[in-house]
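A structural walkthrough
For reference, the chains in residue letters:
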Amino acid sequence: MRRYNVAVVGATGAVGNEMIRILEQRDFPVAELKLLASERSIGKTLSYKGTEYPVSVLDEGSFEGVEIGLFSAGGSISERFAPIAARAGCVVIDNTSAFRMVQEIPLVVPEVNSEDIAAYTAKGIIANPNCSTIQMVVALKPIHDRVKIKRIVVTTFQAVSGTGKEAIEELAEQTRALMNMKEPEIAVYPHRIAFNCLPHIDVFLENGYTKEEMKMVNETRKIMRDQSIAVTATTVRVPVFYSHSESVNIETEKKITASEVRDLLATAPGITVVDNPSKNEYPLPIDAAGKDDTYVGRIREDESISNGINMWVVSDNIRKGAALNTIQIAEILIRDYL
């Protein structure tokens, strides 16, 4: 098997760390591995297949000889360096929001629209969707193909790991402080996150939605290749370390029963159905953490409309919502296109 020179940009972050683990776990055909980050990471090393690799400082010459670049270092970094990498002959798979809505750049969830990867040649860049969008479209695409979804109403319950390592540490520190009757420090979020819920992810826009909510609206339509789908979202940060949960309500053109949805999703790629309320079995964030699949349960018909379905969707936001989806794209890229 041919092997490829791979660079991980943002290697010391939560998603970058997970990318390195998944490259090893899935035995991705790496010839040379280059780990890139900011100057703050000078002197650090990260382990891959039993060897310690030094972290290098990202600069304009970092991509010489690199064939695949896995980017997860923030939108501004991707905006600057992804085109540089692409011009150097590196195919970039970008985990930020920088290129998701660029028309010529494919926005890909492998279980949903893997064939769009072919369009990478336009800019040399493939965009990875928002973590909340990924798990939702994995669950909804089989239904859309069967009965066409007209409208989606989604409320997310998003783990702090979606913000990064600092947010994980802040939740832990605030929890310890409160349990010891101390005043917690607030730095990452505008309000305390421990024992709280914040209906606020990313910045507020003029229409009253947050940027995160509009990402779900616009990305869903692009990935599903259907601008007619009406989507409305409310995104909430909750005091959970890993795995996002979503309450999803859909209205379909044709009738589909809850039983039919269960059967359909039970055989769909990347999905595990956990739906046995009589035994209190339904998807939980703690069970999805560290797992590849998207978990779906609480599937039931919406009794307020003729063709409606409710469901509960849970997935590890760092793994499937970011790192794994990126590497799944890379696997298809090398299998079918490089």
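Here goes a summary of the coordinates provided. Predicted model, so just to flag it, every value in this text is computed and none were measured. (Residues numbered from 1 in each chain as written. Predicted model: local features only at pLDDT ≥ 70, side-chain atom pairs only at ≥ 80, totals over all residues. Heavy atoms only, no water.)

1. Looking at the side chain of S132
Checked against the element boundaries, S132 lands in helix 4 (residues 131-147). Within the structure, S132 has its side chain in polar contact with the side chain of Q158 (distance 3.1 Å). Residues in contact with S132, not counting those within four places in the same chain, are T156, Q158, E212, M216, H244 and E246. (Helix = DSSP H or I, 4+ residues; strand = E, 2+ residues; numbered from the N terminus. Polar contact = N/O pair within 3.5 Å; in protein donor to acceptor, adjacent residues only side chain to side chain. Contact = heavy atoms within 4.5 Å.)

2. Some words on the packing of aromatic side chains
Counting across every chain of the model gives 4 aromatic pairs. Note on F157 and W312: the rings are 5.5 Å apart at their centroids and 50° apart in plane angle, and the pair reads as tilted. Placement of F157 in strand 8 (residues 149-158) and of W312 in strand 13 (residues 308-315) is noted, with a sequence separation of 155 residues between them. The partly exposed category is assigned to F157, whose relative accessible area is 29%. (Phe/Tyr/Trp six-rings, centres within 6.5 Å; stacked < 30°, edge-to-face > 60°. Buried < 20%, exposed > 50% of the residue type's maximum accessible area, 1.4 Å probe, protein only.)

3. Describing the environment of L338
Along the chain, the position of L338 falls in the segment after helix 9 (319-336). Along the chain, L338 and V30 lie 308 residues apart, while their C-alpha atoms are 14 Å from each other. When neighbours within four sequence positions are excluded, L338 is seen to be in contact with R2, Y4, I68, V91, Y120 and L333.

4. Topic: the nonpolar core
Of all hydrophobic cores here, the largest spans 55 residues; its most connected members are F63, L140, I143, I152, V248 and M311. With 8 residues, helix 4 is the single largest residue contributor to this core. Non-local contacts of I143, meaning those with residues more than four positions away in its chain, are made with K148, I149, I250, T252, V261, L264, L265 and M311. Among the nonpolar cores identified, the runner-up in size contains 36 residues, and I22, V30, Y120 and I329 belong to it. (Core = buried A, V, L, I, M, F, W, Y, C linked by side-chain atoms within 4.5 Å.)

5. A short note on the pattern of salt bridges
In the structure shown here, the tally under the stated rule is 20 salt bridges. The residue D145 makes a salt bridge to K141 at a minimum N-O spacing of 2.9 Å. Linking D145 with K141, this pair stays in helix 4, spanning 4 residues, or about one helical turn. Assessed through its relative accessible area of 15%, K141 is described here as buried. A salt bridge links E251 to K150; the nearest nitrogen and oxygen atoms lie 3.8 Å apart. With a gap of 101 residues between them, E251 in strand 10 (residues 244-252) and K150 in strand 8 connect regions that are remote in the sequence. (Salt bridge = Lys/Arg side-chain N within 4 Å of Asp/Glu carboxyl O.)

6. Let's talk about the packing of helix 4 against helix 7 (residues 258-266)
At a minimum axis distance of 10 Å, the contact between helix 4 and helix 7 shows a crossing angle of 115°. In the crossing of helix 4 with helix 7, the sense of the turn from one axis to the other is right-handed. Contacts between helix 4 and helix 7 involve A139, P142, I143 and R146 from the first element and V261, L264 and L265 from the second. For the contact of helix 4 with helix 7, the per-class residue count stands at 6 nonpolar, no polar and 1 charged. (Axes fitted to C-alpha atoms, helices over the stretch in contact; angles between N-to-C directions. Left-handed = near helix turned anticlockwise from the far one by under 90°. Nonpolar A, V, L, I, M, F, W, Y, C, P; charged D, E, K, R; others polar.)

7. Comments concerning a negative patch on the surface
A grouping of E166, E169, E173 and E185 is seen on the molecular surface, where their side chains present a negatively charged patch. Within the secondary structure layout, E173 lies in helix 5 (residues 165-179). (Patch = residues over 30% accessible without salt bridge, like charges linked within 9 Å, V, L, I, M, F, W, Y side chains within 5 Å. Areas by Shrake-Rupley, 256 points an atom, 1.4 Å probe, with all protein chains shown as cover. Lys, Arg positive; Asp, Glu negative; His and termini not counted. Charge placed at Lys NZ, Arg CZ, Asp CG, Glu CD.)

8. A few points about the sheet that holds strand 4 (residues 51-57)
Read from one edge of the open sheet, 7 strands run 3-4-2-1-5-6-7, paired in mixed fashion. Looking at the sheet topology across the chains shown, the edges are occupied by strand 3 (45-48) and strand 7 (125-127). Adjacent strand axes in the sheet meet at a mean angle of 25°, parallel and antiparallel pairs treated alike. Relative to strand 6 (residues 91-94), strand 5 (residues 68-71) is paired through 4 bridges, and the arrangement is parallel. Looking at the pairing, G69 lines up with V92 of strand 6. Helix 1 (residues 14-25) rests against strand 1 (4-9), strand 2 (30-37), strand 3 and strand 5 of the sheet, and its axis sits at about 25° to strand 3. (Pairing = 2+ DSSP bridges.)

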